[in-house]
Amino acid sequence: MNFFGMTFDREIRRVQAAHALTSVVLSFVNIYIPAFLLTHGFTLSGTILFFVVFHAVGLPVGLLFCPWSMRRFGLVPTLRFSYPLQIAGLILLNLMPAFPIPWVLVAAIGGSATFAYWMPLNILLVRYADSEKMGSDLGIFFALPKVFGIVGPLLSALLIPFFGFWPMFAVACVGLIFAYLPLAGIPHDGISVDLDLRRAWGELRKRKLLFFLEGLDNIIEESEWFWGIFVFLIIGSLSVPGIVGGLESLGGALFAVLVGKRADRNAEKMVPYASVGLMIVWVTRFFVHEPVLAYSISFAASFVMTFFLVSYFGMIYRKIKGDNEEEFLILREIPTVLGRMVMFGVVMLTVSDPRRMFVLPIATIAILIAILFIRRNRFKSVSDVTA
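Because the structure is a prediction, the values reported are computed rather than measured. (Residues numbered from 1 in each chain as written. Predicted model: local features only at pLDDT ≥ 70, side-chain atom pairs only at ≥ 80, totals over all residues. Heavy atoms only, no water.)

**So, the packing of aromatic side chains**
Line of reasoning, step 1. Enumeration over the complete set of coordinates arrives at 18 aromatic pairs.
Line of reasoning, step 2. Taking the centre distance of 5.3 Å and the plane angle of 75 degrees together, the rings of Phe 50 and Phe 51 count as edge-to-face. For the pair formed by Phe 50 and Phe 51, the shared burial category is buried.
Line of reasoning, step 3. Taking 6.0 Å as the distance between ring centres and 75 degrees as the angle between the ring planes, the aromatic pair formed by Trp 225 and Phe 344 counts as edge-to-face. Pair noted here: Trp 225 is in helix α10 (residues 208-235) and Phe 344 is in helix α14 (residues 333-349), with a separation of 119 residues, a long-range link.
Line of reasoning, step 4. Under the relative-accessibility criterion, Phe 344 is labelled buried at 1%.
Line of reasoning, step 5. Taken together, the ring pairs in this structure connect Phe 42, Phe 50, Phe 51, Phe 54, Trp 103, Trp 225 and Phe 344 into an aromatic cluster.
Line of reasoning, step 6. The side chain of Arg 285 reaches across the aromatic face of Trp 227, ending 4.3 Å from its centre.
Line of reasoning, step 7. For Arg 285, the ring lying beneath its charged end belongs to Trp 282, and the centroid distance is 4.4 Å. (Phe/Tyr/Trp six-rings, centres within 6.5 Å; stacked < 30°, edge-to-face > 60°. Buried < 20%, exposed > 50% of the residue type's maximum accessible area, 1.4 Å probe, protein only. Helix = DSSP H or I, 4+ residues; strand = E, 2+ residues; numbered from the N terminus. Lys NZ or Arg CZ within 6 Å of the ring centre and 35° of its normal.)

**A closer look at α10**
Line of reasoning, step 1. Over its 28 residues, α10 extends 41 Å from the first C-alpha to the last, a length consistent with the 40 Å expected when each residue adds 1.5 Å.
Line of reasoning, step 2. Taken across its 28 residues, α10 has 21 buried, putting it largely inside the fold.
Line of reasoning, step 3. A positive backbone phi angle near 85 degrees is found at Gly 236, which sits one or two residues after α10. (Expected span 1.5 Å × (residues − 1).)

**Focus on a nonpolar patch on the surface**
Line of reasoning, step 1. A cluster of nonpolar side chains, namely Val 174, Ile 177, Phe 178 and Leu 181, defines an oily patch on the protein surface of about 400 Å² accessible area.
Line of reasoning, step 2. Along the chain, Leu 181 falls in the loop between α8 (166-179) and α9 (197-206).
Line of reasoning, step 3. Judged by its relative accessible area of 46%, Leu 181 falls in the partly exposed class. (Patch = residues over 30% accessible without salt bridge, like charges linked within 9 Å, V, L, I, M, F, W, Y side chains within 5 Å. Areas by Shrake-Rupley, 256 points an atom, 1.4 Å probe, with all protein chains shown as cover. Salt bridge = Lys/Arg side-chain N within 4 Å of Asp/Glu carboxyl O.)

**A short note on the nonpolar core**
In a soluble, globular protein the nonpolar side chains are often hidden away together inside.
Line of reasoning, step 1. In this structure, Val 15, Leu 37, Leu 93, Leu 183, Trp 227 and Phe 308 are the most contacted members of the largest nonpolar core, which totals 107 residues.
Line of reasoning, step 2. Excluding residues within four positions of it along the chain, Phe 308 makes contact with Asp 217, Ile 220, Val 271, Ala 274, Ser 275, Leu 278 and Leu 368. (Core = buried A, V, L, I, M, F, W, Y, C linked by side-chain atoms within 4.5 Å. Contact = heavy atoms within 4.5 Å.)

**What about the confidence of the model for the protein chain?**
Line of reasoning, step 1. Counting all residues, the mean pLDDT for the protein chain is 79, and 74% of those residues have values of 70 or more.
Line of reasoning, step 2. Within the protein chain, α14 carries the highest mean pLDDT (92), whereas strand β1 (residues 2-3) carries the lowest (46).
Line of reasoning, step 3. Low pLDDT, under 50, characterises residues 378-387; the stretch is placed with 18 contacts to residues that sit more than four places away or in other chains. (pLDDT = per-residue confidence, 0-100.)

**Section: the pattern of salt bridges**
Line of reasoning, step 1. A full pass over the atoms with the stated rule returns 3 salt bridges.
Line of reasoning, step 2. With a closest N to O distance of 2.8 Å, Arg 332 and Glu 214 form a salt bridge. In this pair, Arg 332 is assigned in the loop between α13 (325-331) and α14 and Glu 214 in helix α10, connecting sequence segments 118 residues apart.
Line of reasoning, step 3. Classification of Arg 332 by relative accessible area gives buried; the value is 5%.
Line of reasoning, step 4. We classify Glu 214 as buried; its relative accessible area is 0%.

This is how it looks when you write it as C-alpha cells:
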C-alpha cells in the first residue's frame, strides 16, 4: 500500500499519511469557520467566545476520556472515534443558522473531536518517529498537509462566495470517512497511561519549564490563526480566508521538508533564529492595510512559521521520546489550552482595535528567546530542564 508514492515501510508513514488526508479534507472548511460565524450574526467577541468554549470543553474531555479510552481500547481506536465526532460537529455547525441548535453544543462537540484526534495522534507520532530522524519525520508530517492542502482553501475561496458554505462542509464530511484508512494497518495495541492528580502534578512540576514553553508556543500558534480572521475583517471578502490559507500552504510545503532535514541535528540552534523571524513578521503586520500586502506577508509568514514549528517540535519531541512521553503529550494540553486562552482574552480586550493584539505574539516570542538564551549554557538538553 502506498500514498502518492509514499511506501508504508515504517508505521510513521501511516501516521503522516492519515494526518495529511485529514488536514486536506478539513482545509476546505477549518479556515472558514470564523468567517462562517462572522457572516451568520456572530460578532468578533462572539466568535472568540465560541472557540473559548471549544477549548474549555475539549480539554477536560481529552484529559478524562482519552487516557481511559487508550488504556481500554488502544491508541488507534481512540483516534478513530474522533472522526465521527468531527463529522457530527461540522454537520451541526452547517445547520446552526437554519435550526435552533445551541452554538455551545456545536463548540463542545468540535472541541471534543479535536482533542480526541490530537492526543492519540501526537503519541503515535512520537512513538513511531525515529529519534535520529525526528526533524525529517516532523518535516514530512507538517509538509504533506501543506502540499496536498493548497487546493482546498483556494477552491473554497472560489466556490463559497457563489454557492455558500454547504458544499465545502459536504466535501469535508465525506473526506473524513476515507482519511482514517492509512491508520488501519497500525496494531491496535493498548497503552498504559494511568493519570491521577498527584502524579500529574508531579509531572508538571518536574518539567515545568517545558510546559511553560508549550504555553508560549501556543500563544504564538494561535496568534497566527487570528491573523486569518484579521485579514478577513480588514478586506471583508469571503475569498480572503481561502486565499490566505492557500498561500500559507504553498509557502510552507517545501520549506517544511528542507527545515526538517536540518532539524535532525540542529533543532535547538534553529529555534531562536526562527523566533526572531516570526517577531519581524508580526512587526510588519502592523502596517498592513491592503490585500496585496496582507497576502504577501501571509506567504512569507508561512516560511517562517514552518521554520519555527518544525525546529521547535523537533527539539521538544526528541527530548521527551522514551521518557514517559505519553504522559507529557497528554498533560501538555493543559498549558496548550491556557496559552490559547491568553490569546483569546487579549483579542477580547482589543476588539475595538484588533491590531493592538499583535503586541502579544511579539512579547511572547521575546520571552521565548530570552528563556532559550538564558538556559543555553546551564542545560545541555531540554530534557534536563526541570527547574
